[in-house]
Amino acid sequence: MKKKYLNTLVALALLGALWGAMSYWEKRKGAESEKTETQEKLLTVEKGRVESVNLVPRDGEKVTCRREGGKWEIVEPRKMAADQSAVDSLLSALSDATIDQTVEAAPKDLADFGLDHPTLTVEITTDAKPAKATVLLGDDTPTGGGVYAQVAGNPRIVVLQRFTKTSLDKKAFDLRDKRVMTLDPDQLTRLEVESKGVRWTLVKNPEGMWNLDLPPLVRVDRFTVEGLVNRFKSISMQSIVEEQKENTAKYGFGAPELRIDATAPGGEQILVLGKKDDSHYYAMNSALDPVFTLDAAFLTQFQKKADDLRDKDLFSFSTFEVKRLEVTGPAGSRVFEKKVENKQTKWKQTSPAAKDLSTEKVETLLNDLRDFRADSFPHGTGLASFGLAKPAYRFKVQFGEKNEEQTVEASKVGEHAYARRSTDSVASEVKNTALDDIEKALKEL
């Protein structure tokens, strides 16, 4: 064969191959652009009727979830507790999935769409019709915005939104219960924490409020403590190291960085953090099987001293809520009351002698009292050594719709000033100028 004819044949072959590739591309791209006019559901299945779901990836482990006793459990690749919300989200994605467009009603070759060997097969059983359904997911569309799919029993190829595949393509770890503590954080009644020799214990009182048990029981900073307790709601296992706790010594659990004993009506669980691995710590829970890892920030949040947890505010009222103030000091006793006259709110001194007061000056006094805070917490429970067995000052405030009352007593001892709320059994040290500011405000009145 002459060379010029050979070149012609090669050119024709290349042209044919190019035409075929372009036709294939245009077929896929063109089909992607032809949207269906109505949003047809992929499956007519209610997620509440699903009894089991199998996720079979092209590569990787098969995952099977089954509803048992009203709750989801993972039964493959091994039996383990499931994250109920994670499984529910997966089923929502499946039942809510809508067809973006139909590509071919009767495809000649499933390989064109990656459906000869699906990247993911989703199989479900239900207690309604259809009793079974299988969805096959193939390649992404050329633009990457969708994924080719097919429902078993129906030959047509459809396109689903890309996020549908993302929502369905889950591994066992994604669907398992990753809580580090299975006790309900809202039901906890006691927390004992120890880290590097520092120990403290929180106890919930009958009114549902947390106290710090020094002993005695003392008030805590509510937001700080609730932040710690709520951490159990948000923290989750970062990874699973071992499914069974067999050789725990190598993870540093013999000399743990942190130990938390948690108690609730549902029982007691002990959470332990061992040695560090990169940015995580090995951890285990006495009530759970695996050894897992936790983010290092979890340890930092619980490495606190007892004083870090205490409530430093001696008063908790808002200035505008105050209705009545009684002050007893070295100069005697005075009573201030908020009155409404002719639809106007005014402050008056009602004892020892009645007189009108400047609202601005009363609010200055109230602000000074509201800012009365502990700077530190001295050791010892005896009140006499802090001048509080017979306090020099006594401030009683009535406030709020329920006419709540709080009383704070204070004294100076040398260069130091101490105070306590009347319900506290221990003293706090305040700024040595705090009482001077209050005395100045009183003189202004």
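Residues numbered from 1 in each chain as written. Predicted model: local features only at pLDDT ≥ 70, side-chain atom pairs only at ≥ 80, totals over all residues. Heavy atoms only, no water.

K.L.:
For this particular structure, what's the right way to read the overall build of the protein chain?
P.N.:
The helix and strand tally for the protein chain stands at nine helices and 28 strands. Along the longest, intermediate and shortest principal axes, the C-alpha atoms of the protein chain span 125 × 65 × 55 Å. Split into buried and exposed, the 445 residues of the protein chain put 41% on the buried side. Of the contacts made within the protein chain by residues no fewer than 6 positions apart, 58% connect residues no fewer than 24 positions apart. Accessible area of the protein chain: about 24,100 Å², with a carbon and sulfur share of 49%. (Helix = DSSP H or I, 4+ residues; strand = E, 2+ residues; numbered from the N terminus. Buried < 20%, exposed > 50% of the residue type's maximum accessible area, 1.4 Å probe, protein only. Contact = heavy atoms within 4.5 Å. Areas by Shrake-Rupley, 256 points an atom, 1.4 Å probe, with all protein chains shown as cover.)

K.L.:
Teacher, can you tell me more about the sheet that holds strand β11 (residues 157–161) here?
P.N.:
Strands pair in a sheet through their backbones, by hydrogen bonds, and they do so in one of two ways: parallel or antiparallel. Taken together, the nine strands give an open sheet; going across it, the order is β5-β4-β3-β2-β8-β9-β10-β11-β7, and neighbouring strands pair in antiparallel fashion. Looking at which strands have only one partner, the edges of the open sheet turn out to be β5 (80–81) and β7 (101–104). In terms of strand pairing, β7 meets β11 through three bridges, oriented antiparallel. Paired with E104 across the strands is I157, a residue of β11. (Pairing = 2+ DSSP bridges.)

K.L.:
What exactly am I supposed to notice about the sheet that holds strand β16 (residues 239–242) here?
P.N.:
In space, the nine strands of this open sheet follow the order β15-β14-β13-β12-β17-β18-β19-β20-β16, with antiparallel pairing throughout. The sheet is open, and its two edges are formed by β15 (217–219) and β16, each paired on a single side. When the angles between neighbouring strand axes are averaged without regard to direction, this sheet yields 30 degrees. Strand direction decides the pairing type here: strand β18 (residues 267–277) and strand β19 (residues 280–285), joined by five bridges, are antiparallel. Among the inter-strand pairings, L273 is bridged to a residue of β19, identified as A283. (Axes fitted to C-alpha atoms, helices over the stretch in contact; angles between N-to-C directions.)

K.L.:
So what exactly am I meant to see when it comes to the pattern of salt bridges here?
P.N.:
Pairing is possible between side chains that carry opposite charge, provided their charged atoms lie close to one another. Under the counting rule described, the total for this entry stands at 30 salt bridges. R78 is the partner of E243 in a salt bridge, and the nearest nitrogen-oxygen pair spans 3.6 Å. Of this pair, E243 sits in the loop between β16 and β17 (258–264) while R78 is found in the loop between β4 (71–76) and β5, placing the two residues 165 residues apart along the sequence. Each of R324, E326, E337 and K339 takes part in a single network of salt bridges with overlapping partners. (Salt bridge = Lys/Arg side-chain N within 4 Å of Asp/Glu carboxyl O.)

K.L.:
Help me understand the packing of aromatic side chains in this model?
P.N.:
Any two aromatic rings considered together are summarised by their centre-to-centre distance and by the angle between their planes. Tallied over the full model, the rule gives eleven aromatic pairs. With a centroid separation of 6.1 Å and 65 degrees between ring planes, the pair formed by F232 and F298 is classed as edge-to-face. Remark: F298 occurs in helix α6 (residues 296–302) and F232 occurs in helix α5 (residues 222–234); sequence separation between them is 66 residues. Overall, F232 belongs to the buried group, its relative accessible area being 3%. (Phe/Tyr/Trp six-rings, centres within 6.5 Å; stacked < 30°, edge-to-face > 60°.)

K.L.:
When you look at helix α9 (residues 434–444) in this model, what are you seeing that I'm missing?
P.N.:
For an α-helix, the turn length of 3.6 residues means that residues three or four places apart are oriented alike. Within the span of α9, buried status applies to A434, L435, I438, A441 and L442. Projected onto a plane normal to the axis of α9, the buried residues spread over an arc of 120 degrees and lie on a single side. Facing away from the buried surface of α9 by more than 90 degrees, the exposed residues are K440 and K443. (Arc of directions from axis to C-beta.)

K.L.:
I'm lost on the pairing of strand β9 (residues 132–140) in this one. Help?
P.N.:
A regular strand carries its side chains on alternate faces of the sheet. Where strand β8 (residues 120–126) lies against β9, six bridges are found, and the strand directions are antiparallel. Residue pairing across strands places L120 opposite L137, the latter belonging to β9. With antiparallel pairing between neighbouring strands as the criterion, β8 and β9 make up a hairpin whose turn holds five residues. Hairpin remark: β9 followed by strand β10 (residues 146–151), antiparallel, with five residues in the connecting loop; positive phi at G144, about 80 degrees.

K.L.:
Any chance you could explain the side chain of R231 here in plain terms?
P.N.:
Tracing the backbone through its elements, the reader meets R231 in helix α5. There is a polar contact of 2.8 Å between the side chain of R231 and the side chain of S234. (Polar contact = N/O pair within 3.5 Å; in protein donor to acceptor, adjacent residues only side chain to side chain.)

K.L.:
Can you help me understand the side chain of Q349 in this one?
P.N.:
If you trace the backbone, Q349 turns up in strand β23 (residues 344–351). Only 2.8 Å separates the side chain of Q349 from the side chain of R334, close enough to count as a polar contact.

K.L.:
Can you help me understand the environment of A287 in this one?
P.N.:
If you trace the backbone, A287 turns up in the loop between β19 and β20 (291–295). Taking the C-alpha atoms as reference, A287 lies 9.7 Å from V180; in sequence the two are 107 residues apart.

K.L.:
Before we go on, may I ask you to explain the confidence of the model for the protein chain in this structure?
P.N.:
Low-pLDDT portions of the prediction should not be read for the details of their coordinates. When pLDDT is averaged along the protein chain, the result is 91; 91% of the residues meet or exceed 70. The low-confidence segment residues 1–6, where pLDDT is below 50, has two contacts with residues more than four positions distant or belonging to other chains. Within the model, the stretch residues 21–36 combines pLDDT values under 50 with 27 contacts to residues more than four positions away or in other chains. (pLDDT = per-residue confidence, 0-100.)

K.L.:
I would appreciate a short explanation of unusual backbone geometry in the present structure.
P.N.:
With the exception of glycine, most residues fall at negative phi, and the peptide bonds are largely trans. Here the residue pair E76 and P77 is connected by a cis peptide bond, since its omega of 10 degrees sits within 30 degrees of zero. Checked against the element boundaries, P77 lands in the loop between β4 and β5. Geometrically, the link from K129 to P130 is a cis peptide bond, its omega value of -5 degrees lying close to zero. Along the polypeptide, P130 turns up in the loop between β8 and β9. At D278, a position not held by glycine, the phi torsion is positive, near 60 degrees. Checked against the element boundaries, D278 lands in the loop between β18 and β19. By relative accessible area, D278 is classed as exposed at 68%.

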